Amino acid sequence: MKISYNWLKTLIDIDLTPEQVDEYLTSSGLEVEGIESFESVKGGLKGIVIGEVVEKEKHPDADKLSITKVNVGGPELLNIVCGAPNVAAGQKVLVAMIGAKLYPTTGEPFEIKKSKIRGAASEGMICAEDEIGLGTSHDGILILPNDAVVGTPAAEFFKLENDSILEIGLTPNRADAASHYGVARDLAAILNCKSNSNSHQAHLHNIFELPEASNINKVEIKVENTEACKRYSCLVISGITVKPSPDWLKNYLLAIGLRPINNIVDITNFVLHDLGQPLHAFDLEKIKGNKIVVKTGLGNTKFKTLDGTERTLQDNDLMICNESEPMCMAGVFGGLDSGVSEKTASIFLEAAYFNPAFVRKTSKQHGLKTDSSFRFERGTDPEMTIVALKRAAALIFECAGGVLSMDIVDHYPEKLEPFQVAFSYSNCQALIGKEIDRAIIRHIITSLGISVVTEGNDGLLLSVPQYKTDVTREADVIEEVMRIYGYNNVEESTQIKFTANFADREKATATENTTANLLIGFGYNEMMGLSLTKESYYTEGTPLVKILNPLSADLNVMRNTMLFGGLESLAYNINRKQADLKLFEFGKTYEKVDSDFKYAETKHLTLFVTGRKYAENPYGENNKVDFAYIKSCIESILNKLSIKFKMSELSDSNFSYGLSYAQKNKHLVSFGLVEKAICKKMDVNADVFYADFNWDNVLALIGKTKLEFAEIPKFPAVRRDLALLLDKKITYKELEELAYNAERKLLKSVNLFDIYEGDKLEAGKKSYAVSFMLQDEEATLNDKQIDNVMQKLIKTYTEKLGAVLR
């Protein structure tokens, strides 16, 4: 938001520099992101002075050029070659001195240099208005009145406007500061706090009582949707002349980046940025039936807006209509056919308080962002409508003439009352961390326009005006006190107080930290993804939680899985030449559990690995991440947390293959190779191994596993591996159960360490590589015992599963 320093000074009496204003506003939460200079004429006419043509003679070598001697107030006359047909001795003219940089109305800027033109020396330039940005005419040089004083700088003669523009990064909660008057109110409160006085006040100016209305133009007002339009004020002015605005008004608008259009439109824009109250002017002749109807319910109606675009209205669009058709999207954008034009002689001027929710929906639905919707969406001051109308009417009478032909009509059926907030001095001290004198606190509160209703021993009952939309609780009032008092005025504490707390929440945090540290030790980096994602990522029928007013189509649902966000991160990094990635994320997923708007949130830990395990080196033959690598990471986490698990084959459309670990009925983690089609869809052209922990279930098992201690075996264990060709429908769980049933004494563990499915196998088949750990706790195993066990396992798999050894 742009704030003009000169404009601001019309609303508050200050002798501060723009830099000092910047410092005060930024310290109070209105961050000034930069200060720019504004000149009503680009370049400020620097290096241009008033001169007098003393002599003029024809150039001997050029028919269209003249050689002049010009007095610019210096010790000597300047020789200047001029090509203008209207130059003559005795004229007062504008002279660009050597070194001056000129900014023409059209074309690139250029610098005046001493030169020779057809052999004649030229020590400057006599200027036409278009050559210095004062106009568009190039018929000849600009001739000034005879009383112009020679040597006077052109900027002084034309009284050019120079200004400093403060660019404020306005946060969404500060609707009260979305105008010059709002900024002036804050600045006054800051200065009064520093001086411990009430010497600075933001004041409204030129708010006069309107002249008596003739009431020859009557417009009936009907507000059908009073929830959407809580106040509607208006008047009619007739006999106006639509023409360009005066320079002072143009300069104010140009300074804040607005293009002047005509005096009526410019005045409505000026009042919006002056007071923060949007206005809209209708051509009275375009209001059919002399009736204004404020309503919703015009769904599927076609409406052409000021930009010439035909839009289809929604049922919840609040519209300003005449007797038979819509004329304006309330608080957002005007219609093409009802606005002010050069032929307009009478205007209907509107100032209203529209419900922010309705304006926000219309703005979002139609992709329209305007200065008006910006303010209505955040909340305007319902008490400002009449003030704004009077301010605008006074300016219209001054700049466009006319008479008041319909007095102010104010439809305000239910007054919006100020917020009542109980405020405690002791709570204020506790939250700020410093004891501030109560008189100072009270002074700050009242300086901000907040009234004291009653006062007690420890606090105040406050009445907060409606324009402070973000001040509805005691904490909000304390924040207001803090920002005006100054964050920098609160000293840092020299003590840190801590109360040990071993609640479940701390246990959960400790478990997360333990796991995160383990993964970081494995070379992983933590990432944080958005909870909002794209609906198109999911298949139809997924129980998604949809956003009612999404920021965009790319952020229109809550994530149902953390897979897609992780793949987006992988794609982003891979596209920037970071192909070796090991990432993890703690986060939540969301799903709709039934049709009665009940939702479920589940905490997850996800792992993503792709590329190489370690940095490229000359020693590793097979350095690519694989299924065994992510499996070892997962088992390290579960072992670290002392959680036992059972393994089963994974059946999930997101994976080409994988495993699932569970303890009894609690699912712990699923992991495997992500389907290539999904990776391709997400612009990832590499193998990605992904693990998804149900972290809520993991946390529920922490501390519940009974630890058992056993003597370290005296006799060594033996490992044997089998590569089995199996039908695809056979699961690892079946292999594991059959193995333990076949050998109960010597078989200590079974592990699946490789899966292969490819063209080299016959259709419907897969290959499992399984390891078996054998151990006798009373003696060393011999070859005969080992072979007997392995033959028993092979026979079991062959007979019961149809397995074939590879």
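Data block above holds the structure.
All values reported here derive from a predicted model rather than from experimental measurement.

Caption draft 1: Structural detail: the environment of Val 293. Locating Val 293 in the fold gives a position in strand S17 (residues 291–295). A relative accessible area of 7% means that Val 293 is categorised as buried. Considered as a pair, Val 293 and Asn 225 are 68 residues apart in the sequence and their alpha carbons are 9.4 Å apart. Discounting residues that sit within four places of it in the chain, Val 293 has contacts with Lys 222, Glu 224, Met 319, Ile 320, Cys 321 and Asn 322.

Caption draft 2: Main features of the packing of aromatic side chains. Per the stated rule, a full pass over the model turns up 21 aromatic pairs. Residues Trp 7 and Phe 270 carry aromatic rings whose centres are separated by 4.6 Å and whose planes lie at 5° to one another, so their mutual orientation is stacked. Of this pair, Trp 7 sits in helix H1 (residues 5–9) while Phe 270 is found in helix H6 (residues 263–275), placing the two residues 263 residues apart along the sequence. The pair Trp 7 / Phe 270 is uniform in exposure class, with both members buried. Both rings, one in Phe 693 and one in Trp 695, keep their centres 6.2 Å apart while their planes meet at 80°; by these two values the pair is edge-to-face.

Caption draft 3: The arrangement of unusual backbone geometry in detail. Although it is not a glycine, Leu 45 adopts a positive phi angle of roughly 55°. The topology assignment puts Leu 45 in the loop between strand S2 (32–39) and strand S3 (48–58). Judged by its relative accessible area of 4%, Leu 45 falls in the buried class. Phi at Lys 664 is positive, roughly 55°, even though this residue is not glycine. Tracing the sequence through the fold places Lys 664 in the loop between strand S34 (655–663) and strand S35 (666–674). What makes Lys 664 exposed here is its relative accessible area of 79%.

Caption draft 4: Fine view of the packing of helix H4 (residues 180–195) against helix H11 (residues 438–447). At a minimum axis separation of 9 Å, H4 and H11 run at an interaxial angle of 160°. As summarised for this structure, H4 and H11 are arranged roughly antiparallel, according to the angle between their axes. When the axes of H4 and H11 are compared, the crossing they make is right-handed. Here Ala 189, Asn 192 and Cys 193 of H4 lie close against H11, whose contacting residues are His 443, Ile 444 and Ser 447. Its residues assigned to classes, the contact of H4 with H11 shows three nonpolar, three polar and no charged.

Caption draft 5: Here's a closer look at the sheet that holds S2. What the three strands build is an open sheet, ordered S1-S13-S2; its pairing is antiparallel. Here the strands that pair on one side only, and so sit at the sheet edges, are strand S1 (2–4) and S2. On average, each strand axis in the sheet is tilted by 25° relative to the strand beside it, whichever way the strands run. Bridge count for S2 against strand S13 (residues 162–168) is seven bridges, and the pairing is antiparallel. What sits directly across from Phe 38, in S13, is Asp 163. The sheet strands contacting helix H5 (residues 247–255) are S1, S2 and S13, and the helix crosses S2 at an angle near 145°.

Caption draft 6: Inspection of the sheet that holds strand S26 (residues 451–455) at higher detail. The strand order across the open sheet formed by three strands is S25-S27-S26, and the pairing between neighbours is antiparallel. Each having just a single partner strand, strand S25 (419–424) and S26 make up the two edges of the open sheet. The sheet shows a mean angle of 30° between the axes of neighbouring strands, taken without regard to direction. The strands that helix H10 (residues 425–432) touches are S25, S26 and strand S27 (459–464); relative to S25, the one it contacts most, it runs at about 75°.

Caption draft 7: Broad picture of the packing of helix H2 (residues 18–27) against H4. Orientation of H2 relative to H4, taken along the N-to-C sense of each, is 90°, at an axis distance of 10 Å. One element, H2, and the other, H4, form an angle in the roughly perpendicular class. Packed against H2, whose contacting residues are Val 21, Tyr 24 and Leu 25, the element H4 presents Val 183, Leu 187, Ile 190, Leu 191 and Lys 194 at the interface. Taken together, the residues of the contact of H2 with H4 break down into seven nonpolar, no polar and one charged.

Caption draft 8: Quick peek at the pattern of salt bridges. A full pass over the atoms with the stated rule returns 38 salt bridges. The partner of Lys 58 in a salt bridge is Asp 63, and the shortest N-O contact between them spans 3.3 Å. The same class applies to Lys 58 as to Asp 63, namely exposed. Put simply, Asp 727 and Lys 765 hold a salt bridge, and the shortest N to O gap is 2.6 Å. Linking Asp 727 in strand S37 (residues 718–727) with Lys 765 in strand S39 (residues 765–774), this pair joins segments that are 38 residues apart in sequence. Because the salt bridges share partners, they merge into one network encompassing Arg 174, Asp 176, Asp 186, Lys 468, Glu 480 and Arg 483.

Caption draft 9: Highlighting helix H19 (residues 783–801). With 19 residues, H19 should reach 27 Å at 1.5 Å per residue; the first-to-last C-alpha distance of 26 Å fits that figure. Ile 786, Val 789, Met 790, Leu 793, Ile 794, Thr 796, Tyr 797 and Leu 801 are the residues of H19 that are buried. The buried residues of H19 all sit within an arc of 160° when viewed along its axis, so they share a single face. For H19, exposure combined with an orientation more than 90 degrees from the buried face picks out Lys 784, Gln 791, Lys 795 and Glu 799. For H19, the N-terminal capping position is held by Asn 782, with its side-chain oxygen 3.2 Å away from the main-chain nitrogen of Lys 784. Of the residues flanking the end of H19, it is Gly 802, one or two places downstream, whose phi is positive at about 70°.

Cut-off values and rules
- Residues numbered from 1 in each chain as written.
- Predicted model: local features only at pLDDT ≥ 70, side-chain atom pairs only at ≥ 80, totals over all residues.
- Heavy atoms only, no water.
- Helix = DSSP H or I, 4+ residues; strand = E, 2+ residues; numbered from the N terminus.
- Buried < 20%, exposed > 50% of the residue type's maximum accessible area, 1.4 Å probe, protein only.
- Contact = heavy atoms within 4.5 Å.
- Phe/Tyr/Trp six-rings, centres within 6.5 Å; stacked < 30°, edge-to-face > 60°.
- Axes fitted to C-alpha atoms, helices over the stretch in contact; angles between N-to-C directions.
- Parallel < 35°, antiparallel > 145°, perpendicular 65-115°, else oblique.
- Left-handed = near helix turned anticlockwise from the far one by under 90°.
- Nonpolar A, V, L, I, M, F, W, Y, C, P; charged D, E, K, R; others polar.
- Pairing = 2+ DSSP bridges.
- Salt bridge = Lys/Arg side-chain N within 4 Å of Asp/Glu carboxyl O.
- Expected span 1.5 Å × (residues − 1).
- Arc of directions from axis to C-beta.
- Polar contact = N/O pair within 3.5 Å; in protein donor to acceptor, adjacent residues only side chain to side chain.

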